[in-house]
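Below, each chain spelled out in residue letters.
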Amino acid sequence: MKPTSSSFSTNFATTTSKRLQTSLSNLRIWEEFEAKTCLCNKILDGCPDVLTLKKLHAQVLVIDHLHSNPSIGIKLMRAYSSFGEPKTSRKVFDEIPAADKNIVFFNVMIRSYVNNCMYGEALLVYMNMWRYGVVPDNYTFPCVLKACSVSDNLKVGLQIHAAIVRAGLDFNLFVGNGLIAMYGKCDRLGDARRVLDGMRQRDVVSWNSMVAGFAQKGRFDDALEVCKEMETQLVKPNAGTMASLFPAVTNTSSANVQFVREMFNKMAMKELVSYNVMIAICVNNSLPTEAVEIFSQIESKGLEPDPVTIASVLPACGDLSALELGKRIHEYVVRKGLSQNMFLTNALVDMYAKCGCLQAAREVFDGMGLRDVVSWTSMISAYGMNGQGRDAVGLFSEMLESGVVPDQIVFVSILSACSHSGLLDEGRHYFRLMTREYKMVPRLEHYACMVDLLGRAGLVDEAYKFISQMTVKPSEQLWGALLSACQVYSNMSLGLVAADHLFQLVPEQAGYYVLLSNIYAKAGRWNEVTAVRSVMKSRGISKMPGCSNVEMGKRVHTFLVGDQSHPQTKEIYEELDVLVSKMKEAGYVPETNSALHDVEEEDKECHLAVHSEKLAIVFVIINTEPGTPIRITKNLRVCGDCHVAAKHISKITEREIIVRDTNRFHHFRNGTCSCGDYW
DNA sequence: ATAGGGTTAG
């Protein structure tokens, strides 16, 4: 409508003017409306950052006060919540006049809190809404039930269940699923089951929630039963089922792992999450090779790994010392702009550390904008594993200065670092710091570090006294630390005490029989050596076969003791013979003390000659350019003989040899080892 | 809207 000229009659002019005014004011309203809609959409589409959101919020307040348009308020609350600012959501919420505050506001407020881990606050809002005369609905209940689940709040959970029944919503699918999860988490599996059975309608989430309930309590068999039942009900397991099972499949039997693998294999449509869970399960059950294999399946299926995939597979790279793969993943992280994800940077630091690349680990660590206690722990234990106790101590102080609060785990790392470097006083200092300043109750792991520290320092009696004074029952690790100290320092009487406890705790562990046998051997008590050997035989205990991993090209090669299965076996053994004679010329004498004395001298020497790390070292020598460093990971501690041999080989072949055993790193260079023979 | 997957020690 265009304003007309006023050259007509006055009457007409007045009418026109009035019309004009109305239309102008309509226009203004319309403009405002449009501006608001536009703002709304901007808020809804998601702001790039909080600052932009706050600017938009300010404009909303200028144009008109919030209460004229409730939907803007709701969108603002959601947006603030998504930026982790539930408190700002609350401010918006509080400014809405009571008369306008309908159920949606309450639901969004509750959700804002729940999504930001403020469960108590969420439940308070729920309690308060009754006073406003607002009745919770089918959107409210699942959300508050989640708050109860996560915070293990059975008491409120039960109240909510009662309210649900009163509201007649107990047959709602989402509400029922929420109840199952809540009861499962609060260890009321019977009640969870009753809810499941009473539901008129169930979906895969209902079943998965039931599975999760058992799995979270480590009840794998019960979780498994539910999975089987699902199948009879023709509900197909999905990625969620695997994810729900996951907690029950950490450090579990291979049969349990196998079950999940089969479920995984049977899935017609595999989502990324299924792969991620499968990788995590492998990593958590000492199957790093399988984890890496599943990771490559993701790549070959054309799926794109997400941050969870990466964070899950990196520990497997570390376990295998698969440095090349680790580097490739690092590049991927950088390329995808994920370098600020702390899960990933922490995992990268640890991967490099476990691959023996202290420098690379440190570079990632130094490049981090933010560091949490996990970052520091990884770096501290990296130094610890490499025998650089002083650096670990320095880093611990830096961590405290940076304001990061130490936890139990970082104390394990620093204590272990001290023990590996023989820093006796420092170790004692940290134990006191932990118990006195930070008022932490030492766990078995801390005690084990202390016994190790004292034992390695030769204070075997004090180590034993330390164990005796403990208020908790000593674990296998504690007696194990004492026993190996007894071996190093030839303390037979305490060695027997430790061995006695160990044979009762873990009668199947071959390693402790070997240690005891070595103690006897050092003392020349051959009859006892034979006796230990025959006990082992009669109990059917055999040594866990030593195995070494080495990465070559795109795969990891594994060698067992005396392995003859590798395609290059012939060349490897021939080259080893050549090396051994060169070593003998340089003064190498096979150290037979490291083996069980149950065989003739030559056999022993022969047996030692084929320890897995030797095979792996030679394998790398014949397949790489001169000068290429050799990185080996093994599943047992490196034996005395292999340690001497590796020193010689590093000198003869002019190669750096980096061996990670179950305990620490050994960097062999030019005939010496970084551990200074202290391990 | 409801469940479920990630990094650190020993």
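Quick caveat: nothing in here was measured; it's all calculated off a predicted structure.

Draft legend 1. The arrangement of the packing of helix H31 (residues 569-585) against helix H34 (residues 640-652) in detail. H34 packs onto H31 with a crossing angle of 95 degrees between their chain directions and a minimal axis gap of 10 Å. Between H31 and H34, the interaxial angle falls into the category roughly perpendicular. Mapping the contact onto sequence places Leu579, Lys582 and Met583 in H31 and Ala645, His648, Ile649 and Ile652 in H34. Across the contact of H31 with H34, the residue classes break down as 5 nonpolar, 1 polar and 1 charged.

Draft legend 2. Layout of the packing of aromatic side chains. Applying the stated criterion to the full structure yields 16 aromatic pairs. Aromatic pair phenylalanine 559 and phenylalanine 619: ring centres 5.2 Å apart, planes at 55 degrees, arrangement tilted. Of this pair, phenylalanine 559 sits in strand S2 (residues 555-560) while phenylalanine 619 sits in helix H33 (residues 612-623), placing them 60 residues apart in sequence. On the accessibility criterion, phenylalanine 619 (2% relative accessible area) is buried. Ring pairing ties together the aromatic residues Phe396, Phe411, Tyr430 and Tyr438, which thus form one cluster. The positively charged end of lysine 101 is found above the aromatic ring belonging to phenylalanine 93, 4.2 Å away from the centroid.

Draft legend 3. The arrangement of the pattern of salt bridges in detail. Counted according to the given criterion, the structure contains 20 salt bridges. Notably, a salt bridge pairs lysine 336 with glutamate 304, separated by 3.0 Å at the nearest N-O pair. Pair noted here: lysine 336 is in the loop between helix H18 (323-335) and helix H19 (342-354) and glutamate 304 is in the loop between helix H16 (288-300) and helix H17 (307-320), with a separation of 32 residues, a long-range link. The partly exposed category is assigned to lysine 336, whose relative accessible area is 40%. Among the residues examined, glutamate 304 registers a relative accessible area of 49% and is labelled partly exposed.

Draft legend 4. The arrangement of unusual backbone geometry in detail. At leucine 234, a residue that is not glycine, the phi angle is positive and equals roughly 60 degrees. Assignment of secondary structure puts leucine 234 in the loop between helix H12 (220-232) and helix H13 (239-245). We classify leucine 234 as exposed; its relative accessible area is 75%.

Draft legend 5. Here's a closer look at the sheet that holds strand S1 (residues 547-552). On the basis of which strands lie adjacent, the open sheet formed by 6 strands has the order S2-S1-S3-S4-S5-S6 and mixed pairing. Either end of the sheet is taken by a strand with one partner, and the two such strands are S2 and strand S6 (672-673). In this sheet, S2 lies alongside S1 in antiparallel orientation, the contact comprising 6 bridges. Bridging across to S2, valine 550 finds its partner in histidine 557.

Draft legend 6. Structural context of the UniProt feature "repeat: PPR" (unreviewed entry) in chain A. On the UniProt side, "repeat: PPR" (unreviewed entry) is annotated at positions that read residues 102-136, 203-237, 271-305 and 372-406 here. Secondary structure across residues 271-305 divides into 74% helix and 0% strand, with the first and last C-alpha atoms of the span separated by 11 Å. Annotation note: span residues 372-406, helix share 74%, strand share 0%, distance between end C-alpha atoms 10 Å.

Each value, and the rule that gives it
- Residues numbered from 1 in each chain as written.
- Chains lettered and ligands numbered in written order.
- Predicted model: local features only at pLDDT ≥ 70, side-chain atom pairs only at ≥ 80, totals over all residues.
- Heavy atoms only, no water.
- Axes fitted to C-alpha atoms, helices over the stretch in contact; angles between N-to-C directions.
- Helix = DSSP H or I, 4+ residues; strand = E, 2+ residues; numbered from the N terminus.
- Parallel < 35°, antiparallel > 145°, perpendicular 65-115°, else oblique.
- Contact = heavy atoms within 4.5 Å.
- Nonpolar A, V, L, I, M, F, W, Y, C, P; charged D, E, K, R; others polar.
- Phe/Tyr/Trp six-rings, centres within 6.5 Å; stacked < 30°, edge-to-face > 60°.
- Buried < 20%, exposed > 50% of the residue type's maximum accessible area, 1.4 Å probe, protein only.
- Lys NZ or Arg CZ within 6 Å of the ring centre and 35° of its normal.
- Salt bridge = Lys/Arg side-chain N within 4 Å of Asp/Glu carboxyl O.
- Pairing = 2+ DSSP bridges.
- UniProt positions renumbered as here; feature names shortened; annotations may be inferred.

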